[in-house]
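A structural walkthrough
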Amino acid sequence: MSRTEVDAEPGSRPPPEDDHAFLGQPKGLLTLSGLEVWERFSFLGMQAILVLYFADTLAHGGMGMSAGTAASVSAAYGTLVYLVSVAGGWLADRILGSYRAVLWGGMLIACGHYAMAVPTSTMTWAGLGLISAGTGLLKPNVATMVGELYRTADERRDAGFALYYMAINIGAFAGPLITGWLGDHKGWHWGFSAAAVGMTLGLVQYVAGRRHLAGRRRTAEFALAPDAMRRAIRLIVAGLVTVAAVAVVLGAAGRLTMGRFVDVLTLVSVIAPVAYFTVMFTNARVTPAERGRLRPYVVLFLASTVFNFILFQAYSTMMLLASTNAETAILGFDFPASWYASALGAFEVALAPVVAALWVRMGQRQPHASNKIAIGVVLGGLSFLLMALPTSGHGSDDHLMSAWWIVGSYLLLGLGDILLETSGMSATTKLAPAVFASQTMSLWFLSLALANGIQAQTVKLYDDVSKPAYFGVNGAIAVAAGLAVAAAAPWLRRTMHPVH
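Residues numbered from 1 in each chain as written. Predicted model: local features only at pLDDT ≥ 70, side-chain atom pairs only at ≥ 80, totals over all residues. Heavy atoms only, no water.

**Examining the packing of aromatic side chains**
Summed over all chains, the structure comprises 14 aromatic pairs. Here the aromatic rings of phenylalanine 54 and tryptophan 125 are separated by 5.7 Å at their centres, their planes lie at 25 degrees, and the arrangement is stacked. With phenylalanine 54 in helix 2 (residues 28–55) and tryptophan 125 in helix 5 (residues 121–148), this pair connects stretches of sequence that are 71 residues apart. Residue classification places phenylalanine 54 among the buried positions, given a relative accessible area of 0%. Grouping aromatic residues by their ring pairs yields a cluster made of Tyr53, Phe54, Trp125 and Phe192. (Phe/Tyr/Trp six-rings, centres within 6.5 Å; stacked < 30°, edge-to-face > 60°. Helix = DSSP H or I, 4+ residues; strand = E, 2+ residues; numbered from the N terminus. Buried < 20%, exposed > 50% of the residue type's maximum accessible area, 1.4 Å probe, protein only.)

So this is what it looks like as structure tokens:
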């Protein structure tokens, strides 16, 4: 089916009056942002307590893992989430369409959180599997649908993505507050229950606001022919059954240990983007101009990987550090350690509209996307270098640092996240070859998979090296990577047209 035929489909575009109905932005941005508020509420609310649940003792309802193992397994879960996003983008482009992919993904996520509310380890792992599959369907396609609300040259695009990012961080702020309090006072599975309710509310408002969306087609934009679609569905089902059967057999034989599973996911997270870039560069339907824009995208991909390697540790090693080596009181108010994760969301909620307004005010004078991304990576590195200071110079590991050190680290990390993610996702929707529309956004999420895959191996050292060395070395590497992107900025500006 051609793009012209798809766009001609009745009801495939929102009403014209929607174009400036939400703070000067398309009204569909409100619907998609509302969905992501609740998806992030559930996802990050659960993730804020997940590593603490893994590391807690069996007597207190946890999984009894060591700190390093808990962080590694948590990172492996993140790796799986973003690896599945590749399949989610392909399914949206070729079979489901963006609207249905997001709807079905949200349903799987909700089911996964409800499963995790059941206090057994079997339901925990089943729930994490469902959430991984659902997020892989939902996450890349929501971002693509945001991009579809704008024309390529629309100067509101970056500001729109900044508002979108601000909105979803309302969920990132509120989620850990609710799940963290429940996990600390009622039990971990009560926190997982709150995440389930949040995702259900997100689905309700998504369906209610569907008429404002640009990607609500009944068919996929680049749908397979009927015979090919049936063959693809059969292969997908057979593949899933085969993988499940092999996993069961290996698990029963004692060959599929958690450590090996983590290592396999890391290996796949390295191979997948290399293979995917190769396919996109060599595909005959990608034009020479589109292929030229993919080259600078490789640099953006690597920058995203480095930054998100730091960012995701806000929910793993930083949570563990906060629970053991940081005060959990500010101005006399005591709070659960998981509430530190809300500081990240709070800073992004507060700073995103400021950044959006600044870009609108500057117009064409604003920094190029590559410079925004470079600054974001440097800020991420500085957030870890900052943590090397309060963890240094103490003879034992039981020293409690002031809460303001972690709050300051999250401030740097939050600002860096706004600069990198909004510019990166916006650039992705502009640089994407037409035939790989949703899948190119999936490639951006593969950078998150790679970041988690690397993290899954690196955090194993958390128990074995000093904390100043751990945070200092990782932070210095990120700062160096950001400076390298800044040095490449002149070449990136020349090759990233129409990205500004």
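What follows continues from the structure just given.
**Observations regarding the layout of surface pockets**
Empty space within the largest pocket amounts to approximately 1700 Å³. Lining the largest pocket are 39 residues, with Leu80, Val84, Gly129, Leu240 and Val243 sitting closest to its centre. Mapped by element, the contributors of at least two residues to the lining of the largest pocket are helix 3 (67–96), helix 4 (98–116), helix 5, helix 8 (226–252) and helix 9 (258–282). No other element matches the 13 residues that helix 3 contributes to the lining of the largest pocket. In terms of residue class, the lining of the largest pocket is built from 34 nonpolar, five polar and no charged. (1 Å grid on protein atoms, 1.4 Å probe; cavity = no way out; pocket = protein on both sides within 12 Å on 5 of 7 lines; lining within 4 Å. Points joined across faces, edges and corners; volume = space filled by probe spheres on them. Nonpolar A, V, L, I, M, F, W, Y, C, P; charged D, E, K, R; others polar.)

**Re a nonpolar patch on the surface**
On the surface, a nonpolar cluster with roughly 460 Å² of combined accessible area is contributed by Trp125, Val246, Leu250, Leu256, Met258 and Phe261. Where the nonpolar patch is concerned, the elements lending two or more residues are helix 8 and helix 9. Residue classification places tryptophan 125 among the partly exposed positions, given a relative accessible area of 32%. (Patch = residues over 30% accessible without salt bridge, like charges linked within 9 Å, V, L, I, M, F, W, Y side chains within 5 Å. Areas by Shrake-Rupley, 256 points an atom, 1.4 Å probe, with all protein chains shown as cover. Salt bridge = Lys/Arg side-chain N within 4 Å of Asp/Glu carboxyl O.)

**Re the packing of helix 2 against helix 4**
Where helix 2 contacts helix 4, the axes come no closer than 12 Å and their chain directions differ by 35 degrees. Here helix 2 runs over helix 4; the crossing is left-handed. For the pair formed by helix 2 and helix 4, the contact residues are Leu35, Glu39, Ser42, Phe43, Met46 and Leu50 on the first element and Val102, Ile109, His113 and Met116 on the second. When the residues that make up the contact of helix 2 with helix 4 are grouped by side-chain class, the tally is seven nonpolar, two polar and one charged. (Axes fitted to C-alpha atoms, helices over the stretch in contact; angles between N-to-C directions. Left-handed = near helix turned anticlockwise from the far one by under 90°. Contact = heavy atoms within 4.5 Å.)

**Considering empty space enclosed by the protein**
Taken as a whole, this structure holds three cavities of 30 Å³ or more when the rule is applied. By volume, the largest cavity is sized at about 310 Å³. As for the largest cavity, its lining consists of 23 residues, and the residues nearest its centre are Arg40, Tyr165, Leu311, Phe312 and Asp417. Those elements giving two or more residues to the lining of the largest cavity turn out to be helix 2, helix 6 (157–185), helix 10 (288–311), helix 12 (340–362), helix 14 (403–431) and helix 15 (437–458). Its residues placed into classes, the lining of the largest cavity shows 13 nonpolar, five polar and five charged.

**Quick word on the pattern of salt bridges**
Inspection of every chain in the model, using the stated rule, returns three salt bridges. Of the charged contacts in the structure, one is a salt bridge between glutamate 36 and lysine 139, with a shortest N-O distance of 2.9 Å. One end of the pair, glutamate 36, is in helix 2; the other, lysine 139, is in helix 5, and 103 residues separate them in sequence. With relative accessibility at 8%, the residue lysine 139 sits in the buried group. With a closest N to O distance of 3.1 Å, lysine 460 and aspartate 263 form a salt bridge. Note that lysine 460 is positioned in the loop between helix 15 and helix 16 (467–487) and aspartate 263 in helix 9, a separation of 197 residues in sequence.

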